[in-house]
Amino acid sequence: MNTVWGLLVVITFFNGCIIKDQWWTYAKSQITGNASIPSRPEVINIGSIFTLDTIIGKVAKIGLEAAVENVNNDPTILKGTKLKLIVHDSNFSGFLSIMEAFQSLETESVAIIGPQTSVLAHMISHVVNKLQVPLLSFTATDPTLSSLQYPFFVRTTHSDAFQMAAIADIVAYYEWKQVVAIYIDDDHGRNGITFLADQLATKRCKISHKAPIKPDARRADIREVLLQIALMESRVIVVHTYANWGLDVLQAAHDLHMMDRGYVWITTNWLSTIIDISSWVNPTKFFSSMQGVITLRSYIKDSPLKRKFATEWKNMTTLGLSTYSLYAYDTIWLLARALDNFFNHGGSVSFSKDPELNDSRGGFLNLDSLRIFNEGNLLLNNILQVKMNGTTGPVEFTSDKNMISPAFEVINVIGTGFRRVGYWSNSSRLSTTLPETVPNRTSSPKPLRNVIWPGETLKKPRGWVFPHNGNQLKIGVPKHVNFKEFVDQVKGTDMYEGYCIDVFTSAVNLLPYAVPYKFYPYGDGYHDPDATHLVSLISAGVYDAVVGDIAIITNRTQMADFTQPYTESGLVVVAPVRRLNSGTWAFLRPFTAKLWCVTGLFFIVVGAIVWILEHRINDEFRGPPKQQIITTLWFSFSTLYFSHKQNMMSSLGRLVLIMWLLVVLIISSSYTASLTSILTVQKLSSPIEGISSLMSIKDPIGYQQNSFVRNYLVDELGISETRLVPLNLPEDYEKALNDGPSNGGVAAVVDERPYIELFLSTRCQFSIVGQQFTKNGWGFAFPRDSPLAVDISSAILKLSENGELQRIHDKWLTQSACSSQGAKTAVDRLELKSFKGLFFICGLACCIALFIYLGLTIHQYAKHKPDLLEPSTRSLKPGGLKTFISFVDEKHESVKARTQKRLEEARSRASLDGSRSSRRVSVSDTP
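Analysis parameters
- Along each chain, numbering runs from 1 in the same order as the chain's sequence is written.
- Side-chain atom pairs in this predicted model are given and counted only at pLDDT of 80 or more, local residue features only at pLDDT of at least 70, and totals for whole chains, interfaces and linings cover all residues.
- Hydrogens and water are ignored here; the side-chain numbers use all heavy atoms of the structure.
- At least two DSSP bridges between two strands are required for those strands to pair.
- Working definition: helices are DSSP H or I runs of at least four residues, strands are E runs of at least two. Numbering for both runs from the N terminus.
- To get an axis, a line is fitted to the C-alpha atoms, and for a helix only the part in contact is used. The angle between two axes follows their N-to-C directions and goes from 0 to 180 degrees.
- Any two residues whose heavy atoms approach within 4.5 Å are treated as being in contact.
- Salt-bridge detection follows one rule: a side-chain nitrogen of Lys or Arg within 4 Å of a carboxyl oxygen of Asp or Glu.
- Residue exposure (1.4 Å probe, protein chains only): buried if accessible area is under 20% of the type maximum, exposed if over 50%, otherwise partly exposed.
- Stacked, tilted and edge-to-face are the three classes assigned to paired rings of Phe, Tyr and Trp, where Trp is represented by its six-membered ring and a pair needs centres within 6.5 Å; plane angles under 30 degrees give stacked, over 60 edge-to-face, the rest tilted.
- In this analysis, the protein atoms alone were mapped onto a 1 Å grid. Cavities are point sets where a 1.4 Å probe fits without being able to get out; pockets are open sets with protein on both sides within 12 Å along at least five of seven lines; lining residues have an atom within 4 Å of a point.
- Grid points are joined across faces, edges and corners, and a volume is the space filled by probe spheres set on the points.
- Residues are grouped as follows: Ala, Val, Leu, Ile, Met, Phe, Trp, Tyr, Cys and Pro are nonpolar; Asp, Glu, Lys and Arg are charged; every other residue, Gly included, is polar.
- By the definition adopted for this analysis, an angle is roughly parallel if under 35 degrees, roughly antiparallel if over 145, roughly perpendicular if from 65 to 115, and oblique otherwise.
- Working rule for handedness: look at the near helix, and if it is turned counterclockwise from the far one by less than a right angle, call the crossing left-handed; if clockwise, right-handed.
- Here the arc refers to the set of directions running from the helix axis out to each C-beta atom.
- Multiplying one less than the number of residues by 1.5 Å gives the expected span of a helix.
- Polar contact is the term for a pair of N or O atoms within 3.5 Å; when the atoms are in protein, one must be able to donate a hydrogen and the other to accept it, and sequence-neighboring residues count only if both atoms are side-chain atoms.
- As used in this record, nonpolar core signifies buried Ala, Val, Leu, Ile, Met, Phe, Trp, Tyr and Cys residues forming a set joined through side-chain atoms within 4.5 Å.
- Scored from 0 to 100, pLDDT reflects the predictor's confidence in each residue.

1. As for the sheet that holds strand β4 (residues 135-137)
Ordered by their spatial adjacency, 5 strands build an open sheet running β2-β1-β3-β4-β5, and the pairing between neighbours is parallel. For this open sheet the edge positions go to β2 (82-89) and β5 (153-155), each flanked by a neighbour on one side alone. Across the sheet, the axes of successive neighbouring strands diverge by a mean angle of 25°, strand direction being ignored. Relative to β4, strand β3 (residues 111-113) runs parallel, the two being bridged by 2 bridges. If you follow Ile112 over to β4, its bridge partner there is Leu135. Docked against the sheet, helix α4 (residues 55-72) engages β1 (43-50), β2 and β3, running at close to 165° with respect to β2.

2. Brief notes about the pattern of salt bridges
For the structure shown, the criterion picks out 24 salt bridges. When the shortest N-O distance is used, the salt bridge between Lys214 and Asp221 registers 3.8 Å. With a relative accessible area of 18%, Asp221 lands in the buried category. Note that Glu804 is salt-bridged to Arg807, the shortest N-O span being 3.0 Å. With Glu804 and Arg807 both in helix α27 (residues 804-813), this residue pair falls 3 residues apart, about one helical turn. Accessibility expressed as a relative area gives 27% for Glu804, which makes it partly exposed. Look at Arg807 and you get partly exposed, because its relative accessible area is 48%. Among the charged side chains, a salt-bridge network with shared partners connects Asp276, Arg297, Glu409 and Arg420.

3. Quick look at the packing of aromatic side chains
Using the criterion set out here, one finds 37 aromatic pairs in the structure. Centroid distance Tyr299 to Tyr423: 5.5 Å. Interplanar angle 80°. Geometry classified as edge-to-face. Here the residue Tyr299 occupies a position in the loop between β10 (294-298) and α13 (304-316), and Tyr423 occupies one in strand β16 (residues 417-425), the gap between them amounting to 124 residues. Across this residue pair, the class does not change: Tyr299 and Tyr423 are buried. Seen from their ring centres, Trp596 and Tyr671 are 5.8 Å apart, and the 70° between their planes marks the pair as edge-to-face. You can see Trp596 sitting in helix α19 (residues 593-614) and its partner Tyr671 sitting in helix α21 (residues 651-680), a full 75 residues away along the chain. Trp596 gets classed as partly exposed once you look at its relative accessible area, which sits at 32%.

4. Topic: empty space enclosed by the protein
Under the definition given, this model contains 5 cavities of 30 Å³ or more. Of the volumes computed, that of the largest cavity is approximately 140 Å³. Here the residues of the lining of the largest cavity are counted per class, giving 7 nonpolar, 5 polar and 4 charged. By volume, the second largest cavity amounts to about 80 Å³. As for the second largest cavity, its lining consists of Phe138, Thr141, Thr157, His158, Asp160, Gln163, Asn269, Ser298, Thr323, Tyr324, Tyr327 and Phe408. Going through the elements one at a time, α7 (160-173) and α14 (323-344) are the ones with two or more residues in the lining of the second largest cavity. Broken down by element, the lining of the second largest cavity gets its largest block of residues, 3 residues, from α14. Of the residues contributing to the lining of the second largest cavity, the split by class is 4 nonpolar, 7 polar and 1 charged.

5. Remarks on the environment of Tyr703
Within the secondary structure, Tyr703 sits in strand β28 (residues 701-704). With 30 residues separating them along the chain, Tyr703 and Tyr733 place their C-alpha atoms 8.5 Å apart. In contact with Tyr703, not counting residues within four places along its chain, are Val709, Arg710, Leu724, Val725, Pro726, Leu727, Tyr733 and Val750.

6. Some thoughts on the packing of α14 against helix α15 (residues 376-384)
At a minimum axis separation of 8 Å, α14 and α15 run at an interaxial angle of 125°. Considering their axes alone, α14 and α15 lie oblique with respect to each other. Viewed along their axes, α14 and α15 form a crossing whose handedness is right-handed. Every residue of α15 that contacts α14 at Leu334, Leu335, Ala338, Leu339, Asn341 and Phe342 is listed here: Leu378, Leu379, Asn382 and Ile383. Split by residue class, the contact of α14 with α15 holds 8 nonpolar, 2 polar and no charged.

7. Some remarks on helix α24 (residues 730-739)
Among all positions in α24, only Pro730, Tyr733, Ala736 and Leu737 are buried. The arc that holds the buried residues of α24, viewed along the axis, is 125°, so those residues lie on one side. Just beyond α24, the residue with positive phi is Gly740, at close to 75°.

8. Comments concerning α7
Side chains of residues three or four places apart in an α-helix project in the same direction, reflecting 3.6 residues per turn. The terminal C-alpha atoms of α7 lie 20 Å apart, and with 14 residues this matches the ideal 20 Å at 1.5 Å per residue to within 8%. For α7, the buried fraction is high: 12 of the 14 residues fall into the buried class. Taken as a whole, α7 has its buried residues at Asp160, Ala161, Phe162, Gln163, Met164, Ala165, Ala166, Ile167, Ala168, Asp169, Ile170 and Val171. Capping of α7 at its N-terminal end is provided by Ser159; its side-chain oxygen lies 3.1 Å from the backbone amide nitrogen of Ala161. Once α7 finishes, Glu175 follows within two positions and takes phi at roughly 65°, a positive value.

9. Looking at the nonpolar core
Ranked by size, the top nonpolar core spans 70 residues in total, and within it Phe486, Tyr566, Val573, Val750, Phe780, Leu788 and Ile792 carry the most contacts. Examining the composition of this core, we find that 7 residues originate from one element, helix α16 (residues 499-509), more than from any other.

10. So, the confidence of the model for the chain
When pLDDT is low, close inspection of the predicted coordinates is not appropriate. Confidence in the prediction of the chain, expressed as mean pLDDT, is 82, and 80% of residues score 70 or more. Within the model, pLDDT remains below 50 along residues 1-38, and this stretch shows 39 contacts once partners closer than five positions in the same chain are excluded. Scored below 50 in pLDDT, residues 867-878 shows 5 contacts in the model against residues more than four places distant or in partner chains.

11. Here we look at the pairing of β10
Judged by how many residues are buried, β10 sits mostly within the fold: 5 of 5 residues are covered. Along β10, one buried face is formed by Ile294, Leu296 and Ser298 and the opposite face, lined by Thr295 and Arg297, is buried too. Sheet topology note: the strand β9 (residues 264-267)/β10 ladder contains 2 bridges and is parallel. Across the sheet, residue Thr267 finds its bridge partner in β10, namely Thr295. Note that β10 and strand β15 (residues 407-414) share 5 bridges and pair antiparallel.

Below, the structure is given as structure tokens:
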């Protein structure tokens with residue numbers, strides 16, 4: 001607030017003559033004191049501040065005056081009160097703008113429209129805050145003016161924050177990662193670009209360089225700024241400035257051939273304003289400096305009000321109709337409706353003196369004419385509550401004082417005009433359909449139509465080139481002391497060779513542009529360097545890229561961007577192995593002891609069940625006990641060769657036999673295959689079976705020094721750090737593995753597969769055991785969001801598709817003797833768990849058959865048992881179980897024959913008893 005009073009003191013001395021003329025008016029007002037003021041005065045003063053010699057100032061003045069005339073001629077609004085527009089010309093001067101603002105306030109204006117620039121709006125907002133006079137502007141678009149610091153500032157157009165969001169969406173849509181920002185170095189330019197940087201950050205893009213232009217810059221200054229930009233990497237240039245400077249920027253860029261193919265120029269709406277307003281004597285010359293430029297223009301829906309005003313506009317001026325003309329017109333109508341509502345709610349136009357204007361001695365500082373608008377807050381609230389339809393569409397404010405429904409047209413300048421390639425709105429973002437037709441959509445199938453870029457090309461520019469400053473890319477390469485097949489420096493030169501180097505150079509050769517680079521070694525030459533620290537030097541600015549055997553792991557991806565992996569990798573375990581010979585008892589090795597036992601047990605159980613099912617009806621399963629045991633065992637084990645001679649008489653027996661033969665077939669086939677493999681394929685055996693078994697023991701584990709393996713084993717797998725032994729050379733691997741844990745060596749070594757495969761190519765006594773327990777790859781590292789990383793990735797894919805990547809691999813990493821002999825670690829023996837389901841099905845079939853058989857037998861026992869006791873006491877006889885066992889052991893035909901005989905005897909007895917009865921009846925009937 002001290003700034004405000006400082007301005008007041010300075011301006012007072014320049015306004016002395018004006019203040020003297022108004023002294024009597026002030027004295028008169030003091031005499032009248034609190035005399036009542038009519039609620040609707042005859043005239044309402046409205047001040048306006050513009051630079052009238054600019055195209056925006058000209059169209060704004062015409063639009064404001066036309067609106068005032070129409071409001072004053074409309075009897076339905078303000079009900080007889082007339083608006084008086086007092087226009088002040090700031091004449092490009094900030095100082096004069098301040099003075100004009102004070103002159104407007106001295107005339108007891110209830111509102112000020114303007115100023116034309118955001119810089120002046122910042123300064124004048126301090127004054128109107130104190131005097132409580134609303135300041136309405138449709139040209140000051142700095143987003144920071146919406147802050148709570150300026151409560152009396154009302155923007156009647158859309159903030160630059162939405163323009164910047166639209167530009168960020170365009171940049172992201174075309175997949176550019178960096179832009180250069182050209183802007184006027186004042187509040188308007190700086191704050192707008194700050195919002196652009198924030199919006200780009202949400203899209204993982206950024207401003208690579210900010211190029212400010214002095215507010216009083218000459219063409220030579222602009223040319224110097226553009227020459228600096230021409231040496232930079234990014235070719236996507238955003239211009240956020242004023243109309244007059246913007247044209248100078250485009251003309252200078254055209255003269256420097258920066259409007260040629262490969263460049264992208266995006267401007268804020270200042271360019272569309274010039275195109276809409278200006279009339280050109282030579283359109284070809286005018287448009288020649290802006291071919292292919294993309295610009296924004298506020299989207300205004302077509303409506304009867306807009307068409308009517310456009311017709312009136314043609315009769316008022318030869319200047320073109322722009323969005324500023326429409327916003328100026330709507331601003332007056334907005335204020336008129338707010339005043340009408342203000343008066344309807346009892347508001348009155350009255351001003352009072354601020355006691356703070358007294359100096360320390362109690363005298364006035366000749367600022368009597370600057371008074372506080374008593375009802376300023378009420379009018380401000382009425383302005384913010386207005387809802388109307390204007391020439392620009394619905395006019396309404398959000399809770400943060402922004403206009404609703406921000407939307408822009410995306411325009412491509414071509415030929416002597418432009419074409420609309422799409423729209424942007426806060427709800428639908430980029431779209432080729434009208435914003436009001438897609439209110440709830442976040443994207444459209446094709447957000448923008450085809451654009452004709454600078455250089456008259458339809459091909460999307462890459463958006464970047466290598467800087468033309470003569471500097472080569474500094475590429476760091478690890479200086480290895482082992483596994484030099486991957487990266488190695490040619491002795492006596494600064495050149496490098498190896499598998500990784502060949503892949504990189506082949507990929508670079510496929511790029512459609514030249515990439516100047518130079519390799520720089522990293523490491524002391526005695527120990528392998530830490531690859532993670534090497535990658536971190538990219539973000540530190542030491543290197544522009546890193547090429548080598550760099551594994552793509554999580555913490556490294558947080559430091560840099562990696563290309564597509566050019567080879568697969570992952571951690572494996574290598575351990576000493578021994579060859580397994582056939583041996584005397586090799587035929588027992590296919591099955592584990594548990595599987596042998598269960599299989600033998602099932603042979604016996606199935607034989608016993610078949611005996612039970614066949615014993616009563618099959619003579620082959622009857623006889624003395626010894627013969628029956630031999631027959632059962634012979635039958636059971638002969639099924640192993642499918643050579644059993646006994647015929648199954650019962651259906652249940654056949655069911656069990658079929659299920660058992662299926663089990664025997666699968667078991668015997670598996671055994672044959674496993675035994676064949678044991679006797680014909682060379683096997684290697686190791687007490688270490690993989691990472692799981694290695695974690696379960698306490699023996700030392702070797703790893704490559706300065707690799708990420710140590711952190712992975714400790715942090716991810718929880719292996720004690722005391723067990724880890726760093727090893728440097730392949731010879732160290734070999735010695736540690738040969739010595740073993742008992743002699744100061746290690747039980748196994750954990751390292752990445754490419755290293756281990758190269759290590760094993762000449763060392764047959766070791767082998768990879770178990771499965772690879774991580775999966776990643778090797779790639780080249782570049783700075784975050786580097787476009788070169790994307791192009792190199794595409795080149796690596798091409799190398800893979802055309803077979804060049806495999807040829808490079810075979811050249812440097814061809815496997816020799818040991819790794820090509822086909823020897824492999826011993827396959828696990830067949831275990832019981834592999835056949836659990838099979839045994840379960842067979843056992844279930846046996847149990848079901850046995851239960852059915854017992855049920856049928858009990859039923860037969862109850863039906864055919866000899867009638868030795870009374871029916872009521874038969875089941876209680878102490879010898880019932882022995883009788884049942886005897887019944888079960890008896891042949892089924894014998895039981896049926898005996899039962900049949902008993903039935904015939906019963907029938908004979910019944911027949912005999914009947915004959916005797918008949919004779920008795922005959923005798924008794926004889927007289």
